[in-house]
Amino acid sequence: QVQLVESGGGLVQPGGSLRLSCAASGSIASAYTLAWYRQAPGKERELVAVISSGGSTNYPDSMKGRFTISRDNAKNTVNLQMNSLKPEDTAVYYCNAVTPRSGYGPPFVSWGQGTQVTVSS
């Protein structure tokens with residue numbers, strides 16, 4: 001299991017951009033998936049972006065074309081570039097990692113503490 005720490009959140013105007021970073025305490029090279037989720041007040045946590053061990057990425061339609069997830073295995077970080085931000089993007093953004101467990105058993109699921117993103121004029 002790895003510890004995850006998000007950073008880069010803040011206040012941005014509609015149409016602006018932010019880059020979120022997630023630093024892992026251990027190697028992410030072997031992670032099955034790395035992902036970003038978000039949760040707005042009164043709403044369910046939802047997937048924002050996911051990247052697999054093979055580098056494949058997936059996004060919900062509302063994020064596709066605006067958000068980009070990437071990883072840097074050498075630095076053990078995963079990033080989320082957010083462009084053309086809308087007020088509806090306001091939420092706490094969480095980093096997620098699914099990593100192998102030593103020995104036989106289910107993988108570890110790790111979450112960061114979250115970072116606030118506020119889109120407002």
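Rules behind the numbers
Residues numbered from 1 in each chain as written. Predicted model: local features only at pLDDT ≥ 70, side-chain atom pairs only at ≥ 80, totals over all residues. Heavy atoms only, no water. Helix = DSSP H or I, 4+ residues; strand = E, 2+ residues; numbered from the N terminus. Rg over C-alpha atoms; globule rule 2.2 N^0.38 Å. Disulfide = S-S within 2.5 Å. Buried < 20%, exposed > 50% of the residue type's maximum accessible area, 1.4 Å probe, protein only. Contact = heavy atoms within 4.5 Å. Pairing = 2+ DSSP bridges. Axes fitted to C-alpha atoms, helices over the stretch in contact; angles between N-to-C directions.

Asks: Tell me what's going on with the overall build of the protein, and back it up with residues and numbers.
Replies: Within the protein, the regular secondary structure consists of 0 helices and 11 strands. Put simply, the protein runs from its N terminus to its C terminus through helices and strands in the order β-β-β-β-β-β-β-β-β-β-β. The C-alpha atoms of the protein give a radius of gyration of 14 Å, which matches the 14 Å a tight globule of 121 residues would have. Each of the three principal axes of the protein carries a C-alpha extent, and together these read 50 × 25 × 25 Å.

Asks: Any chance you could break down the state of the cysteines for me, citing the residues and the numbers?
Replies: Scanning the entire structure with this criterion turns up 1 disulfide. Between the sulfur of Cys22 and that of Cys95 lies a disulfide, 2.2 Å long from S to S. A torsion of -85° about the S-S bond marks the disulfide between Cys22 and Cys95 as left-handed. Taken as a pair, Cys22 in strand E3 (residues 18–24) and Cys95 in strand E9 (residues 91–99) lie far apart in primary sequence, 73 residues in all. One exposure class covers both Cys22 and Cys95, and it is buried.

Asks: Lay out the environment of Val109 in plain terms, naming residues and giving numbers.
Replies: By secondary structure assignment, the location of Val109 is in strand E10 (residues 108–111). Overall, the relative accessible area of 46% leaves Val109 in the partly exposed class. Considered as a pair, Val109 and Thr99 are 10 residues apart in the sequence and their alpha carbons are 6.7 Å apart. Those residues in contact with Val109, other than ones at most four positions away along the chain, are Gln1, Asn96, Ala97 and Val98.

Asks: With reference to specific residues and values, describe the environment of Cys95.
Replies: For Cys95, a relative accessible area of 0% translates into the label buried. On a C-alpha basis, the gap between Cys95 and Asn58 in space is 15 Å, while along the polypeptide they are 37 residues apart. When sequence neighbours within four positions are dropped, the list of residues in contact with Cys95 reads Leu4, Glu6, Cys22, Ala35, Trp36, Val78, Ser110, Trp111 and Gly112.

Asks: If you had to explain the sheet that holds E3 to someone new, which residues and values would you point to?
Replies: The strand order E1-E3-E8-E7 describes an open sheet built from 4 strands, whose pairing is antiparallel. Strands with a single pairing partner mark the edges of an open sheet, and in this sheet they are strand E1 (4–7) and strand E7 (67–72). Between one strand axis and the next, the sheet turns through 15° on average, direction left out of account. The pairing of E1 with E3 spans 4 bridges and is classified as antiparallel. Within E3, the residue paired with Val5 across the bridge is Ala23.

Nothing here speaks to function; it is all geometry.
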